[in-house]
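Residues per chain, in single letters:
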Amino acid sequence: MRLRYDVIVVGGGHAGTEAAAAAARLGAKTVLITPDLTRIAQMSCNPAIGGVAKGTVAREVGALGGVMPQATDASRIHFRMLNKSKGPAVWGPRAQCDRALYPIAVRRILDGLENLDLFQEMVTGLHIDDRVRGVETRGGVTFEGEAVVVTAGTFLRGRIHVGGAAAQGAGRAGESPSIALAEALEARGLEMARFKTGTPPRIDGRTVDYSRCERQDGDRQPFRFSFYVREPLLKQMPCWITWSDNGLRDIVTRNLARSALYGGAISGRGPRYCPSIEDKVVRFPDAARHQVFLEPEGLDTTELYVNGLSTSLPPGVQLEFLRSIPGLEDARMTKPGYAIEYDYFPPHQLNHALEVRSMRGLYFAGQINGTTGYEEAAGQGLVAGANAALAVLGGDRFIVERDQGYIGVLIDDLVTKGVDEPYRLFTSRAEFRLLLRQDNGPSRLGPLARSIGLLTSGQEIALEERLREESRAMVWFRDYSLSPEVANPVLHAAGSEPVKHSRRARQLLRRPRVDARALLAAAGGEAPDFDPDVLAKVEIDAKYEGYVRREAERAQRLREQADFIIPEDAPFTTFATLSLEARQKLSRVRPTSLAQAGRIPGVSPADLQNLVMELRRMHGGGAQAKRVFHVKHPAYVPEQQR
């Protein structure tokens, strides 16, 4: 049997669902193929979305019309805004979700897309001539199409390790690995490598002594990840905090040889920032204790996720070290933790559309590119799916730049810098994090999504309403004046000096600790009712106006560098004025702009200067070369100053 589609998405995880939904919203006839339709968007590790930087990515996915934020709102059972004591550039929304309800919400959203079909099967190979032409499945069904997005997660030759037992081939616990597809991709000459990740044990919450743990309730202020759809919010459940001590350290130390990681069974490198408990004990032997979070798996289960104890030790050892933790002395383990090792493709082989450079029409997204986390996968999936659809439909490439979103930072890092360990996104990776806040996604990315047709009609209406409300709020705070009698009680409560004359609300809002909601309340019946998310944006813009302006100016300078287009066929290896390392790195990554070239490790400012001169010489000093040469960049020094 042969079936024809515009876009074929392989894999039904967080990257695959976003890729398929994005392609379908753009109008491409799309099919998502996955081995088990009942496990679409399964939260195979922690049932949580968001965190510092990652929460902003999730909201950006929402601003671009994606699935993850709406499904998160529909299934969240605990919410906290992380880093609230710090500046707004690093605030991180995080939601604990009901593990069972999240994929149900995703499936409901996917089923509502008229251009999307779902098909249950294992993909075993690709049809390629001068470009990708389709895929072959295990059952013999052939899918033909001009674009294929592979989002295989940890399934490519995946192997699960638990202690010293023989490793089992699996993409996730209970699911078969994808071996034939891995071999088919490798046979095409693509570079491959191995990474590993892991999960912690789960326990029965009825066996926990909560009196020995610290209770952590969610934020009371209602918050939604989605900007465009208001899902009803579920009741919140508490999380709990406890700590491991020397008892756990001693148990792990005695059994290190039985760990799959330290016993030599695993060769792949694991995530630096989400280490196993074995890693923690070895790397931080003098640490008195390690924090452990007990997080609910759902509303209708007593099972708890033991965050902070990822491990590949034998189940018996896991139970022993669990019972060494205060509050877990009588804990009953419901599922042991395990490590999984899998193939990935170093992402320097991709362009910024996430298309494989050597194979037109083939796109990669998610852990196949060496990343970690549901949110990073979702952001990549949306970009890859959108570009696959646009390529088939004749549109321009869809690229999120570094100054437009954390999604842009993520993809640019992957393509220009590559990975030597599982990649995790942090706010420190972004040069413009005050511009890329979690509250302003619609104004940053909404118009871009609308311009290429990435939003549904309902999402477009919601975007317009959101932007209008932001504008109304900005005008109100700019124009409305508060008398001293009205303003001073608010200022006194904020520890700010009183005023003697009437002041504009925006002037008062610039003061530290003066709250937008308090000013609105003081204005009484004359004040309109604004969404809390809109108020947060207006308040941050006012308080950090000067910083935001300077950061925007820096971003504009970066855009000027990005306007310098490097020819796709630039012969970097012949540019003798560049260092050997720079020639090798440039030839490998093949940047498309001077800005991208400057972010490649090993390419120095002197190399950038020489690159400009080499390209000018190559173009014979023509108008294009002169335009390129006079773009200011870190290595540029005007001739009169040399």
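Conventions and cut-offs
- Residues numbered from 1 in each chain as written.
- Predicted model: local features only at pLDDT ≥ 70, side-chain atom pairs only at ≥ 80, totals over all residues.
- Heavy atoms only, no water.
- Helix = DSSP H or I, 4+ residues; strand = E, 2+ residues; numbered from the N terminus.
- Contact = heavy atoms within 4.5 Å.
- Buried < 20%, exposed > 50% of the residue type's maximum accessible area, 1.4 Å probe, protein only.
- Phe/Tyr/Trp six-rings, centres within 6.5 Å; stacked < 30°, edge-to-face > 60°.
- Arc of directions from axis to C-beta.
- Lys, Arg positive; Asp, Glu negative; His and termini not counted.
- Salt bridge = Lys/Arg side-chain N within 4 Å of Asp/Glu carboxyl O.
- Polar contact = N/O pair within 3.5 Å; in protein donor to acceptor, adjacent residues only side chain to side chain.
- Pairing = 2+ DSSP bridges.
- Axes fitted to C-alpha atoms, helices over the stretch in contact; angles between N-to-C directions.

*Asks:* When you look at the environment of A193 in this model, what are you seeing that I'm missing?
*Replies:* Residue placement: A193 occurs in strand β14 (residues 193–199). Between the C-alpha atoms of A193 and Y344, which are 151 residues apart in sequence, the distance is 5.6 Å. Residues within four places of A193 in sequence aside, it is in contact with Y342, D343, Y344 and P346.

*Asks:* Just to check I follow, could you spell out unusual backbone geometry for this structure?
*Replies:* Peptide bonds are, in most cases, trans, and in most cases residues other than glycine have a negative phi. We note that A41 has phi near 60°; this positive angle belongs to a residue other than glycine. Structurally, A41 is set in the loop between β3 (30–34) and β4 (48–50). The phi torsion at A53 lies on the positive side, around 70°, for a residue other than glycine. Within the secondary structure layout, A53 lies in the loop between β4 and α2 (54–63). For A53, a relative accessible area of 0% gives the class buried.

*Asks:* How should I be thinking about the packing of aromatic side chains in this particular structure?
*Replies:* Note on aromatic pairs: each is described by the distance of the centres and the angle between the planes. With the rule as written, the count across this model stands at 12 aromatic pairs. Consider the rings of F119 and F143, whose centres lie 5.0 Å apart with planes at 75°: the pair is edge-to-face. Highlighted residues: F119 in strand β7 (residues 116–120) and F143 in strand β10 (residues 142–144), separated in sequence by 24 residues. Classification of F119 by relative accessible area gives partly exposed; the value is 24%. Residue class for F143 comes out buried when judged on its relative accessible area of 0%. Here the aromatic rings of F572 and F575 are separated by 6.2 Å at their centres, their planes lie at 85°, and the arrangement is edge-to-face. Residue classification places F572 among the buried residues on the basis of a relative accessible area of 1%.

*Asks:* What exactly am I supposed to notice about helix α5 (residues 179–187) here?
*Replies:* Since the α-helix turns once every 3.6 residues, residues separated by three or four places project in the same direction. Considered for burial, the residues of α5 that qualify are L181, A182 and L185. Here the buried residues of α5 occupy an arc of 100° about the axis, which is enough to place them on one side. In the core, the buried residues of α5 are packed alongside β2 (7–10), β8 (123–128), β11 (147–150), β21 (338–344) and β22 (362–364). G189, located one to two residues past α5, shows a positive phi value of around 90°.

*Asks:* How should I be thinking about the side chain of R202 in this particular structure?
*Replies:* Summarising the element assignment, R202 is placed in strand β15 (residues 202–204). Of the side chains with opposite charge, E297 lies nearest to the buried R202, which makes no salt bridge, at 4.1 Å. A polar side-chain atom of R202 sits 3.4 Å from the main-chain carbonyl oxygen of C45. With sequence-adjacent residues up to four places away left out, R202 is seen in contact with S44, C45, R99, E297, E303, L304, Y305, R332, M333, T334 and K335.

*Asks:* Teacher, can you tell me more about the pattern of salt bridges here?
*Replies:* Pairs can form between side chains of opposite charge whenever their charged atoms are close. Evaluated as defined, the whole model comprises 49 salt bridges. Counted as one network, the salt bridges with shared partners bring together R59, R437, D439, R466, E470, D533, K537 and D541.

*Asks:* Which parts of the structure should I look at to understand the sheet that holds β4?
*Replies:* Adjacent strands of a sheet form backbone hydrogen bonds with each other and so pair up, either parallel or antiparallel. In spatial order, the strands read β4-β6-β5; together these 3 strands make up an open sheet with antiparallel pairing. Every interior strand has two partners, whereas the edge strands, β4 and β5 (76–82), have only one. Strand-to-strand, the axes of this sheet are offset by a mean angle of 15°, without reference to chain direction. Relative to strand β6 (residues 92–97), β5 runs antiparallel, the two sharing 6 bridges. The partner of F79 across the bridge, within β6, is A95. Against the sheet, helix α3 (residues 68–75) contacts β4, β5 and β6, and its axis sits at roughly 115° relative to β5.

*Asks:* I keep staring at the sheet that holds β11 and nothing clicks. Help me out?
*Replies:* With parallel pairing, 5 strands are arranged side by side in an open sheet as β7-β3-β2-β11-β22. Of all strands in the sheet, those with a lone pairing partner are β7 and β22, marking the two edges. Averaged over all pairs of adjacent strands, the angle between their axes in this sheet comes to 20°, without regard to strand direction. Pairing between β3 and β7: 5 bridges, direction parallel. By the bridge assignment for β7, T34 is matched with Q120.

Without other data, these values stay purely geometric and don't point to any function.
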